[in-house]
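The lines below spell out each chain.
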Amino acid sequence: MVQCLTPLPNPSRLCPKGLYAHASLSLQHGENSQISSTQNQSKLQRFSQSAKFASEFSVYRSLAAPRPHFDRPRGATMDIPGASAVEISELAAATPTDSIPVLTLTEVANRLHDYTHPRCKPYTAMYSSVVGGITLDPAAMVVPLDDHIVHRGHGVFDTATVFNGFLYELDAHVDRLLRSAAQARIPLPFPRAVLRNILVQTAAASGTREGTLRYWLSVGPGDFNLSPAHCTSTFYAVMIAEERKSREIVGGVKVITSSVPIKRPYFATMKTTNYLPNALAKMDGEDKGAYQAIWLDDEGFIAEGANMNVAFVSKGTLMVPSFDNILSGCTAKRMLVLVEQLVANSSYNGGALLNVKVGRITVEEARKADEMMLVVSSHLILPVTEWDGQAVGNGEVGPVVKQLLSLMEDDLFNGPPEVREAVPYKN
Ligand SMILES: Cc1ncc(COP(=O)(O)O)c(C=O)c1O
């Protein structure tokens, strides 16, 4: 039985090792600089009034009184209504003049409790093996700073969606987590069955009927060395209440070919917390007005998106890049199982899909495709209608992509018990 912990304040139960990072659980956004100046209070207030800044740059609204300290990623461009570039650079150059309080554990806990980061709201439950239980209070969703997942990126992760109160494809994702852990040489803190049970109980405790369960296996806390020789593995899971993302996207999306290099297969095949290349590739796409960036492998074959698989339909053949050099997508694999019905059942597919090919796909072949799609658990299937500024096929969402999406949605809503597990909510 996983213990459900009481909300803060009761900090002594939460911090046995004393070193904690407030966990949005994505702690590797890069170096932060602290800026402070009493003279700039009004400008700072204006900064903190900006919802965009607050959400993107972590203004700690209620932590300090007065609150002259805030974090800003070095060199970042800030979009702050009413503040000129000069004012921003003045602030960036300001010298800290206020003394920073040295806080007791209780004060830290109270301040964390008051912390109002807008993105904390949908975090409905977190399990941590460090405390051996589940908390429902976002303020208590912390990880030790000396955990090597934080300062060395020595961790692996995975996800599973919860839809209509059912966990979808949990086993496939847990299996991939364990494969990644083996590749990253992370010893399991618990046997698979215990780990799986923790995930189900975390989902149940959250009460969340629609969202994403994310979880991490880390080589663990112990010190700040590179070698994990003195570490003990940890397991964390967090439930995020959110609507299935495909609902947000109407029609197809644009993609570009990434100019950020792909990870070598050794690393691309494991789902580690080293997602800097992935994040940069995604940003590369966004910079160019695209939703996603597509990677080619070292030999120039189509590989995958920054955090999604990619597939094509050409003359009745579904083409999926083989998983040798990329992450083996649970959704793409499930699609490959389900698509057999579509190929076999000509009355259903209207003859649109005749074959499936998993293998190497050249850019030339892919460019000639009639349809293109991104494949990922958060969306299932996402149609792509433009690639590097050129229309894919006739530039409309194609018939096979539509059929594949409805096939996958049917599996999500009504699939067999091996892919759909009812979450045992207590209320
Ligand atoms: C690099 C990468 N490729 C592919 C995928 C798609 O995997 P899945 O279908 O399991 O969500 C992901 C998603 O996590 C990813 O990060």
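Refer to the structure above for everything that follows.
Since the model is a prediction, treat every value here as computed from it, not as a measurement.

A. How the structure looks around the site of the ligand. Residues in close proximity to the ligand include N278, E304, N307, M308, N309, L327, G329, C330, T331, A332, V376 and S377, which together make up its full environment. Top contributing element to the shell around the ligand by residue count: helix α10 (residues 330-344), with three residues.

B. Region of the structure containing the environment of Q183. Relative to the helices and strands, Q183 resides in helix α6 (residues 170-183). Each C-alpha atom of the pair Q183 and T272 lies 9.5 Å from the other, and the pair is 89 residues apart in sequence.

C. Structural context of helix α4 (residues 105-114). Along α4, the residues that are buried comprise V108, A109 and L112. The arc that holds every buried residue of α4, seen down its axis, measures 100 degrees, which confines them to one face.

D. Spatial organisation of the packing of α6 against helix α7 (residues 192-206). The interhelical angle for the contact between α6 and α7, taken along N-to-C directions, is 125 degrees, at an axis separation of 11 Å. Put simply, α6 runs oblique to α7. Crossing angle aside, the handedness with which α6 passes α7 is right-handed. Mapping the contact onto sequence places L170, V174 and L178 in α6 and R192, L195, R196 and L199 in α7. Class assignment of the residues belonging to the contact of α6 with α7 gives a composition of five nonpolar, no polar and two charged.

E. Up close: unusual backbone geometry. The phi angle at R185 is positive, at roughly 55 degrees, despite the residue not being glycine. Examined against the element boundaries, R185 turns out to sit in the loop between α6 and α7. Even without being a glycine, D388 presents a positive backbone phi close to 50 degrees. What makes D388 partly exposed here is the crowd of 14 C-beta atoms within 10 Å.

The rules behind these values
Residues numbered from 1 in each chain as written. Predicted model: local features only at pLDDT ≥ 70, side-chain atom pairs only at ≥ 80, totals over all residues. Near = placed C-beta within 6 Å. Helix = DSSP H or I, 4+ residues; strand = E, 2+ residues; numbered from the N terminus. Buried ≥ 20, exposed ≤ 12 C-beta atoms within 10 Å, placed from the backbone. Arc of directions from axis to C-beta. Axes fitted to C-alpha atoms, helices over the stretch in contact; angles between N-to-C directions. Parallel < 35°, antiparallel > 145°, perpendicular 65-115°, else oblique. Left-handed = near helix turned anticlockwise from the far one by under 90°. Contact = placed C-beta atoms within 7 Å. Nonpolar A, V, L, I, M, F, W, Y, C, P; charged D, E, K, R; others polar.

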